[in-house]
Amino acid sequence: MSVLTQALRAALDSRTDLLATLHAQGTDCYRLFHGSQEGAGGLTLDRYGPQLLVQSFHQPVDRDTLLGLHAEVQQRLGLPLHLVYNDRSGGNSRIDRHDKVYSAEPAALEDMIGHEWGLDYRVRGRHAGQDPLLFLDLREARGWVKDHAKGKSVLNLFAYTCGVGLSAVAGGASEVCNLDFAEGNLAVGRENGLLNPRLPEMSFVQSDYFPAIRQLAGLPISQRRGQKLPSYPRLAQRQFDLVLLDPPAWAKSAFGTVDLLRDYQSLLKPAILATADDGVLICCNNLAKVAFDDWRDQVLRCAEKAGRPVRQWSRLGPGADFPSADGQPPLKIMVLHF
Ligand SMILES: C[S@@+](CC[C@H](N)C(=O)[O-])C[C@H]1O[C@@H](n2cnc3c(N)ncnc32)[C@H](O)[C@@H]1O
């Protein structure tokens, strides 16, 4: 048996209880193999409902190995899964479109539905972006939001496909606003809403983060070195009871730079000011090289300086399908109570 097969078997063994728990709570989207911690750096296997998504980040996986992994997972879960393999080790993801194993069967690339916390989510093996449509390491945060959103106004910042927003409406939020600058991502969020027709509707704001959050926070929008700014939607100053701030590691726009390593404060301060006095802000940092303790200190200091000291905070981890031997998973999540 190959070293990789042994590692996959060990990973599946360690998830026996977890998978039973997840299935019982209406979840069939989870990580089956987290290579960096389970014996094959740069390789991940995720289940998204009826699909098995294999991703490689360091080097491509050869055809026989891929088929072996697929067979192993199907046998262990006792169900057939559509295989999609996305190699992300080169400049462009996806390789050799002529070989069916790499290009995927047409049925594997159809729109599908995955489930999490009893909600339906759009699953698409390939789409315009590289990342899957649902980030699995944020599942516990979505669960927390679902459990705590009742009667709350919720602002979902960097909403992507609006999973946090959907969890909030499912938890009984009084209103949910999803904000992102990418219309394509919000369109999937709309689809996710339509897939759950019993839930109240969410609202969507397509805007760059910086002008939107600064307007909500009542802060001025500064021009950079006299350059004229692109137009942006006008929003009235207001606060929300529950705010989720989950930015990408780095992104540049005409309005500013998202930089989780060098400048978390520019993102955090206006988000704090847009959170109600007795509200809750969930903030995230997915950069592996930022240690939790350092980031926590920055976050608490920033709140203090903004005149909104944190009354109480807690940490949310990714689920047990994202093991981390040193207790330092890349995605760090803090729940701040003001
Ligand atoms: C890491 S994803 C956020 C994940 C998301 N919170 C979730 O629940 O899955 C990053 C998102 O930020 C958006 N984004 C990046 N820079 C932005 C900016 N300056 N303003 C608004 N959205 C931005 C991207 O379009 C993308 O949807």
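Residues numbered from 1 in each chain as written. Predicted model: local features only at pLDDT ≥ 70, side-chain atom pairs only at ≥ 80, totals over all residues. Heavy atoms only, no water.

## A look at helix 4 (residues 63-77)
Piece 1. Spanning 15 residues, helix 4 covers 21 Å between terminal C-alpha atoms, matching the ideal 21 Å at 1.5 Å per step.
Piece 2. Residues of helix 4 that are buried include every one of Leu66, Leu69, His70, Glu72, Val73 and Leu77, and no others. Along the axis of helix 4, the buried residues cluster in a sector spanning 160 degrees; they form a single face. Turned more than 90 degrees away from the buried face of helix 4, the exposed residues are Asp64 and Gln75.
Piece 3. Its side-chain oxygen at 3.1 Å from the backbone nitrogen of Asp64, Asp62 defines the N-terminal cap of helix 4.
Piece 4. Residue Gly78 follows helix 4 closely and has a positive phi angle near 70 degrees. (Helix = DSSP H or I, 4+ residues; strand = E, 2+ residues; numbered from the N terminus. Expected span 1.5 Å × (residues − 1). Buried < 20%, exposed > 50% of the residue type's maximum accessible area, 1.4 Å probe, protein only. Arc of directions from axis to C-beta. Polar contact = N/O pair within 3.5 Å; in protein donor to acceptor, adjacent residues only side chain to side chain.)

## What about the site of the ligand?
Piece 1. Neighbouring the ligand are 15 residues; Phe158, Asp180, Asn185, Tyr209 and Asp246 lie closest to it.
Piece 2. Here Asp208 contributes a side-chain N or O atom positioned 3.3 Å from a nitrogen atom of the ligand.
Piece 3. Between Asp246 and the ligand, the recorded distance is 2.8 Å, taken from a side-chain N or O atom to a nitrogen atom.
Piece 4. Summarising the interface, the protein chains cover 92% of the accessible area of the ligand, which totals 600 Å² for the free molecule.
Piece 5. Its residues assigned to classes, the shell around the ligand shows 10 nonpolar, two polar and three charged. (Near = heavy atom within 4 Å. Areas by Shrake-Rupley, 256 points an atom, 1.4 Å probe, with all protein chains shown as cover. Nonpolar A, V, L, I, M, F, W, Y, C, P; charged D, E, K, R; others polar.)

## Re the environment of Arg190
Piece 1. Within the secondary structure layout, Arg190 lies in helix 8 (residues 183-194).
Piece 2. By relative accessible area, which is 34% here, Arg190 ends up partly exposed.
Piece 3. Arg190 sits 14 residues away from Phe204 along the chain, and the two C-alpha atoms are 8.3 Å apart.
Piece 4. Apart from residues no more than four positions distant in its own chain, Arg190 is found in contact with Glu183 and Phe204.
Piece 5. A polar contact is formed between the side chain of Arg190 and the side chain of Glu183, at a distance of 2.8 Å. (Contact = heavy atoms within 4.5 Å.)

## Details of the nonpolar core
Piece 1. Ranked by size, the top nonpolar core spans 39 residues in total, and within it Leu157, Tyr209, Leu245, Leu268, Leu281 and Cys283 carry the most contacts.
Piece 2. Listing elements by their share of this core, those giving two or more residues are strand 7 (153-157), strand 8 (175-180), helix 9 (209-217), strand 10 (240-245), helix 10 (265-273), strand 13 (275-285), helix 11 (292-305) and strand 15 (332-337).
Piece 3. With residues up to four places along the chain from it excluded, the contact list for Leu268 reads Leu245, Leu281, Cys283, Val299 and Cys302.
Piece 4. One finds Tyr48, Leu119, Leu186 and Leu242 within the second-largest nonpolar core, a separate group that totals 38 residues. (Core = buried A, V, L, I, M, F, W, Y, C linked by side-chain atoms within 4.5 Å.)

## Some words on the sheet that holds strand 7
Piece 1. Spatial strand order, 9-8-7-10-13-15-14: seven strands in an open sheet with mixed pairing. Whereas interior strands pair on both sides, the edge strands pair on one side only; in this sheet they are strand 9 (203-206) and strand 14 (312-316). This sheet shows a mean twist of 15 degrees between the axes of neighbouring strands, independent of strand direction.
Piece 2. Note that strand 7 and strand 10 share four bridges and pair parallel. Across the sheet, the residue bridging to Leu157 is Leu245, located in strand 10.
Piece 3. Helix 8 rests against strand 8 and strand 9 of the sheet, and its axis sits at about 175 degrees to strand 9. (Pairing = 2+ DSSP bridges. Axes fitted to C-alpha atoms, helices over the stretch in contact; angles between N-to-C directions.)

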